[in-house]
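In case you want the letters, here they are:
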Amino acid sequence: MNTFYITTPIYYVNAPPHIGHVYTTVVADTLARYRRMRGDETFFLTGTDEHGLKIERVAAAEGIEPIALADRIVAAYDALWPRIGVEPNDRVRTTEPRHKLAVHEMIRRMIAKDDLYKGEYEGWYNPTAEAFVADSQVKDGIDTETGDAVERVREASWFFRLSAYQEPLLEWYRSHPESVQPVGRKNEVISFVEGGLNDLSVSRASVSWGVPWPEDADHVVYVWLDALTNYLTALGFGSEETALYDRFWGGEGERLHLVGKDILRFHAVYWPAFLLSAGLPLPTTVYAHGWWLKDESKMSKSVGNVVRPDHLIEEFGADSLRYFLLRQMVFGQDASFSDEGFVDRFNSDLANDLGNTVSRLVTLSRRGFDGKTPPPASPGPLAELAATVAEEYRRAMDEFAFQTALRSLWRLLAETNQYIVAGAPWKLIKSPDTLSQAGEVLWNGLEAVRVVAVGLLPVMPTVAAQVLAAIGVGEPPTSLDGLRWGALPGGAEMAESSPIFPRIDKKGYLASIAAEAEPPAAAEAEKADDGSIDIEQFMATQLRVATVRTAEAIPKSKKLLKLTVELGDEVRTVVAGIATQYQPEDLVGRQVVIVANLKPAKLMGVRSQGMVLAASVDGAPILLRPDGEVPSGTRVR
Ligand code: ME8
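Because the structure is predicted, anything quoted here is derived from the model rather than measured.

Chemist: Looking at this structure, I do not really get the pattern of salt bridges. What am I missing?
Modeler: Close approach of charged atoms allows side chains of opposite charge to pair. Summed over the entire model, instances satisfying the criterion amount to 41 salt bridges. Between Asp 135 and Arg 152 there is a salt bridge, with its nearest N and O atoms 3.6 Å apart. Of this pair, Asp 135 sits in the loop between β5 (131–133) and β6 (138–139) while Arg 152 sits in strand β8 (residues 151–160), and the two are 17 residues apart along the sequence. For Glu 171, the salt bridge identified is with Arg 174, shortest N-O distance 3.9 Å. With Glu 171 and Arg 174 both in helix α5 (residues 166–175) and three residues apart, the pair spans about one turn of that helix. Among the residues examined, Arg 174 registers a relative accessible area of 54% and is labelled exposed. Each of the salt bridges in this network shares a partner with another, and the network as a whole consists of Arg 35, Arg 38, Asp 40, Glu 254 and Asp 398.

As structure tokens, this is what we get:
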């Protein structure tokens, strides 16, 4: 069985994660899931980089110990991964004892090879990138490559004979076409190495937060030698327990490091040189992807233009974010993040193309076939396309072309829609004479959706499983064989489906985030003494008429009811504290007024996307309703 080892960079613990960190990790998670379905034995590693000057300084500025800072940020990462469906096999921390063993083993091997010697480093250091910077790359105290401020350093240091590895590295790039990707970036690395390599300082005497240098207590290990070794630590390198190492690093399988292009040099030059020195195998591929940009510049903790994932996950669901990240960026190139782009993609690809197709097929099949899938039909015109798409999808996923893979699945969805429109099963189910014809159309449509959902499993694990359940497939397949046409069971129970992706009211959403981004300080200042507000302030609250579609009690709550309400073409869940006054069955079909742009909140475990208005009479809620029936979604003002 082929083995597949996939890693993300280990993230600095100077700040909580943003979309950039989520991106690399979601890509790795997607690939790990895909490779498992392909039949590869897979190990997926992520982790945190906790030592070094940058962390030491951020902690000092907060007046806390570095380990306290690290613990806090690690907790944020640990909480994030399950929320976004990221399931690594291990998460390594560079402050763990097992990591020190691995780093010391690397250094022991480098010493044995006579690749380390003591000297003095005099030159520039970039603390943001944790990098020693050549004089030629510094202008007016700025690292011209990164734009970060640099500092002058003069201290005793251990050096690594990097210069001795210029030829072996060039030989590696030449003889292994897949060693560094994409090819444009590989060429940059090659020119850099051809330009000549200086020996590298690999210890710091003026930093104390790090792995101690073995037998030289005045030094800590340079944070990049420390950090890069994490990829071996997690496999037990340097410890007694080396089974994972033997399986995933020492053997024939694939070893893939995913990194952002900002840290390619460390991974494609220093890391293989360290490994060569230590007499260890090299990675099969270092793949550098592009940057997420916001307002034209790289999203970064130090610039402060970051998009944090929490709000997007809360609002749209983890899988929507995963889909967006993989669909929007051409792997390897830069991409821009915008809220508008996010909503557009959500509404068109997820709510419309995927969500509507599924709900239409499920509704019609349930109606025509007694709540079940129609009997299996002979393959129609979609079958051939599905086979082509499955082929394209696999090829694209094998080449890390996630966007192409998803576009291909969406081509099948688009064709499926056309096929349904042409077949008009909603007419055919009306008469017993044409019911079997309706069944053919519906079964073929559902089967095509099944193939799409199987392809989506690595990208949107939860939603794809939901889609499969909705169309009568009990257990999601665990292998890519599931892409083959014909597996949809006939006569399988189909639960009544609720919309998987309710459309986002784009204008309302963009206005609500704009309002959040701008603190109400100005409005505050204008508030009159008597507490009156002006019309703009009132209009910031979006009141709308909604029609109650379902209502139910919330277990263990005396006061709360859970309602699903329709607002135009959008359906939302709202929680209302009206159970003492109203029975759920009396509410269905009734119109209410809701605050539509209230920040969602969780009440008794249910996420409420709005607030129902009621007059409060001695604490008892009396609901408001329009004087006559109005279209749901109508604004109140
Ligand atoms: O560099 N767009 O950690 P880090 C895309 N600790 N990806 C981005 C991104 C953006 N705007 N910003 C960050 C470090 N990333 C070192 C790594 S590895 C031995 C040590 C992602 O917290 C991308 O993967 O600065 C990038 O390489 C990584 O986060 C940098 O994370």
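Chemist: I'm lost on the sheet that holds strand β15 (residues 292–294) in this one. Help?
Modeler: Strand pairing within a sheet occurs via backbone hydrogen bonds; the two strands may be parallel or antiparallel. The sheet built from three strands is open, its strands ordered β16-β15-β17 with mixed pairing. If you trace the sheet from one side to the other, it starts and ends with β16 (297–298) and β17 (335–336), each paired once. Sheet topology note: the β15/β16 ladder contains two bridges and is antiparallel. If you follow Lys 294 over to β16, its bridge partner there is Ser 297.

Chemist: Hey, could you run me through the packing of α5 against helix α10 (residues 264–278) in this one?
Modeler: The description of two packed helices rests on the angle between their axes and on the distance between the axes. In contact at an axis separation of 10 Å, α5 and α10 are set at 110° when each is read in the N-to-C sense. Of the possible angle classes, the one that applies to α5 and α10 is roughly perpendicular. Residues Pro 168, Leu 169, Trp 172 and Tyr 173 of α5 form the contact with α10, whose own contacting residues are Ala 268, Val 269, Pro 272, Ala 273 and Leu 276. A per-class count over the contact of α5 with α10 returns nine nonpolar, no polar and no charged.

Chemist: So what exactly am I meant to see when it comes to the environment of Ile 111 here?
Modeler: Within the fold, Ile 111 resides in helix α4 (residues 97–112). Judged by relative accessible area, which is 48%, Ile 111 ranks as partly exposed. Counting along the chain gives 342 residues from Ile 111 to Ala 453, while the straight-line C-alpha distance between them is 53 Å.

Chemist: Can you walk me through the site of the ligand in this structure?
Modeler: Around the ligand, a shell composed of 25 residues is seen, among which Ile 10, Thr 24, Asp 49, Trp 292 and Met 299 lie nearest. Here an oxygen atom of the ligand and a side-chain polar atom of His 21 are 3.5 Å apart. Interatomic distance of 2.6 Å between a side-chain N/O atom of Thr 24 and an oxygen atom of the ligand. Within the complex, the protein chains bury 96% of what would otherwise be the 670 Å² of accessible surface of the ligand. Every element with two or more residues in the shell around the ligand is listed here: β1 (3–12), α1 (19–38), α7 (223–228) and α8 (230–233). Broken down by element, the residue count for the shell around the ligand peaks at four residues, all from β1. Class assignment for the residues of the shell around the ligand results in twelve nonpolar, nine polar and four charged.

Chemist: Looking at this structure, how should I read the sheet that holds strand β10 (residues 200–201)?
Modeler: Spatially, four strands are ordered β5-β4-β8-β10 in an open sheet, and the strand pairing comes out antiparallel. Of all strands in the sheet, those with a lone pairing partner are β5 and β10, marking the two edges.

Chemist: What exactly am I supposed to notice about the domain arrangement of the protein chain here?
Modeler: Often, the extent of an interface is quoted as the loss of accessible area upon association of its parts. In terms of domains, the protein chain is made up of domain 1 (3–298), domain 2 (338–483) and domain 3 (518–636). Here domain 2 and domain 3 have C-alpha centroids that lie 35 Å from each other.

Chemist: Just to check I follow, could you spell out the packing of helix α13 (residues 339–368) against helix α15 (residues 402–423) for this structure?
Modeler: With their axes 11 Å apart at the nearest point, α13 and α15 run at an angle of 45° to one another. Classified by the interaxial angle, the pair formed by α13 and α15 is oblique. Crossing of α13 over α15 shows left-handed handedness. Judged by residue contacts, Asp 349, Leu 350, Asp 353, Leu 354, Thr 357, Arg 360 and Leu 361 of α13 engage Trp 410, Leu 413, Thr 416, Asn 417, Ile 420 and Val 421 from α15. Of the residues contributing to the contact of α13 with α15, the split by class is seven nonpolar, three polar and three charged.

Conventions adopted
- Residues numbered from 1 in each chain as written.
- Predicted model: local features only at pLDDT ≥ 70, side-chain atom pairs only at ≥ 80, totals over all residues.
- Heavy atoms only, no water.
- Salt bridge = Lys/Arg side-chain N within 4 Å of Asp/Glu carboxyl O.
- Helix = DSSP H or I, 4+ residues; strand = E, 2+ residues; numbered from the N terminus.
- Buried < 20%, exposed > 50% of the residue type's maximum accessible area, 1.4 Å probe, protein only.
- Pairing = 2+ DSSP bridges.
- Axes fitted to C-alpha atoms, helices over the stretch in contact; angles between N-to-C directions.
- Parallel < 35°, antiparallel > 145°, perpendicular 65-115°, else oblique.
- Contact = heavy atoms within 4.5 Å.
- Nonpolar A, V, L, I, M, F, W, Y, C, P; charged D, E, K, R; others polar.
- Near = heavy atom within 4 Å.
- Polar contact = N/O pair within 3.5 Å; in protein donor to acceptor, adjacent residues only side chain to side chain.
- Areas by Shrake-Rupley, 256 points an atom, 1.4 Å probe, with all protein chains shown as cover.
- Domains from an automatic or database assignment.
- Left-handed = near helix turned anticlockwise from the far one by under 90°.

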